[in-house]
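Structural characterization, general
Take a look at the letters that make up each chain.
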Amino acid sequence: MTASDVLRAQPHRRLNPLTGEWTLVSPQRIERPWLGRVDRPSTTAVPAYDPACYLCPGNPRAGGQRNPAYASTYVFTNDFPALLPEATPPPEPRHPLLHWQPQSGTCRVVCFSPRHDLTLAELTPEAIGAVIETWCEQTIELGRQHAWVQVFENKGEQMGASNPHPHGQIWASAEVPTVPALEARSQAAYHDAHASSLLVDYASEETLRAERVVAASEAWLAVVPFWAVWPFEVLLMPRRSVARLPDLAAAERADLAGILKRLLVCYDNLFEVPFPYSMGWHGAPFGREAPGWQLHAHFYPPLLRSAEVRKFLVGYEMLAEPQRDLTAEMAAARLRELPARRYSERMANDPPARGG
Ligand code: H2U
Ligand code: ZN
């Protein structure tokens, strides 16, 4: 039996080299070809402007502020921030089992577009480019005073997004949070051992193997990572060594807008619904060395089999380790074979024939 045969047919564990965490893969549980149901998208039309939306241009927000009549992207400080600029250090003596530290920072909301009814996947590459520019500018500004700048988007009700208006968030903090701290340690250890970057090497390897590639461009590679936990998880990374979003050259930013659109349209076409996900960027921390750190984005979508059947990380997964049936290779093949045109455009242009 070859390694591929085992990975395709027998229970095994795969290691995430960024975090050191394992995932149990049980491909033998997929004992039938894919019969996933395709749910129709919700028919409740979303208006281009919603007078009740706290993100639409010109509207009032909870804090009493009013949004300007913005025409592209718009950033404001979260009216309910999880982090505050001032933090108090713990007094001595400290009990080792009741350990804590201050965390100061700031939280911002980024409106991707003045249009209430469009998702990132539906914006033009130029408009996606404006979102990328905003992410870059915010990273530079917040990185001057914070060790960690977390750019992210929670999309869809299933991921807890409070509003369909296309928006993301940025939380910047003095301390590097748990996941990026793990990734920093792993990338530094790999850099020490191999004198190269873990994710740059990984991208080269995945380009050669091709089986986990979802989308590829001159500067970027999107794969379902070998160690994926979520069914259609994607890791997006530049091919050349780049530490942070603002380090991207103009051509790489334009290329990013294109591959982001391609990936998000694949996601939407999978079950023909606006695909929910949490996504976010991991750029190198500020104010310290981060050897081998490679810029990348994680996409964590919860859906498994249809618009309604999602994966839950419960039971064995809470108590032991994450588990999946669908292999990363199968998920990548499903995604990359989807049409490049969004289902909504196909439906608008080719309406179903009416019966007599
Ligand atoms: P989510 O949809 O991912 O929850 O992001 C929306 C954010 O918008 C949320 O963090 C903030 C919430 O605190 N918000 C404001 O800052 N002002 C408002 O008027 C309502 C919501
Ligand atoms: Zn709105």
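Description of the structure in this document. A quick note: this is a predicted structure, and the numbers were derived from the prediction, not measured.

**Digging into the coordination of the zinc ion (ligand 2)**
The protein atoms that coordinate the zinc ion (ligand 2) are Cys-53 (SG), Cys-56 (SG), His-116 (ND1) and His-165 (ND1), at distances of 2.0 to 2.3 Å. Bound by 4 donor atoms, the zinc ion (ligand 2) shows angles of 102 to 117° at the metal and therefore tetrahedral coordination geometry. Each donor residue of the zinc ion (ligand 2) lies on the same chain, and together they follow the pattern C-x2-C-x59-H-x48-H. In this pair, Cys-53 sits in the loop between β2 (22-25) and β3 (74-77) while His-116 sits in the loop between β4 (105-111) and α2 (125-143), placing the two residues 63 residues apart along the sequence. Each of the two residues, Cys-53 as well as His-116, counts as buried.

**Structural notes on the site of ligand 1**
Contacts to ligand 1 come from 13 residues, most closely from Ala-62, Asn-78, Asp-79, Ser-162 and His-167. Surface burial for ligand 1 is 87%, taken as the share of its 470 Å² of free accessible area covered by protein chains. Residues that form the shell around ligand 1 fall into these classes: 6 nonpolar, 5 polar and 2 charged.

**Observations concerning the sheet that holds strand β6 (residues 167-173)**
Across the sheet, 9 strands lie side by side as β3-β4-β6-β5-β10-β11-β9-β8-β7; this open sheet has antiparallel pairing. Every interior strand has two partners, whereas the edge strands, β3 and β7 (213-216), have only one. Strand-to-strand twist in this sheet, taken as the mean axis angle between neighbours without regard to direction, amounts to 20°. The sheet contact formed by β4 and β6 spans 7 bridges and is antiparallel. In the strand pairing of β6, Thr-106 is matched with Ala-172. The strands touched by helix α7 (residues 328-336) within the sheet are β7 and β9 (234-238), with β7 carrying the most contacts at an inclination of about 40°.

**Some points on the packing of helix α3 (residues 178-194) against helix α4 (residues 198-209)**
Contact geometry for α3 and α4: axes closest at 9 Å, N-to-C directions at 80°. Compared by their axis directions, α3 and α4 come out roughly perpendicular. On α4, the residues that touch Ser-186, Gln-187 and Tyr-190 of α3 are Leu-198, Leu-199 and Asp-201. Among the residues forming the contact of α3 with α4, the class breakdown is 3 nonpolar, 2 polar and 1 charged.

Parameters and conventions
- Residues numbered from 1 in each chain as written.
- Chains lettered and ligands numbered in written order.
- Predicted model: local features only at pLDDT ≥ 70, side-chain atom pairs only at ≥ 80, totals over all residues.
- Heavy atoms only, no water.
- Donors = N, O, S within 2.8 Å, 3.2 Å for Na, K, Ca; no water.
- Tetrahedral: all angles 85-135°; square planar, octahedral: opposite > 155°, others 65-115°.
- Helix = DSSP H or I, 4+ residues; strand = E, 2+ residues; numbered from the N terminus.
- Buried < 20%, exposed > 50% of the residue type's maximum accessible area, 1.4 Å probe, protein only.
- Near = heavy atom within 4 Å.
- Areas by Shrake-Rupley, 256 points an atom, 1.4 Å probe, with all protein chains shown as cover.
- Nonpolar A, V, L, I, M, F, W, Y, C, P; charged D, E, K, R; others polar.
- Pairing = 2+ DSSP bridges.
- Axes fitted to C-alpha atoms, helices over the stretch in contact; angles between N-to-C directions.
- Contact = heavy atoms within 4.5 Å.
- Parallel < 35°, antiparallel > 145°, perpendicular 65-115°, else oblique.

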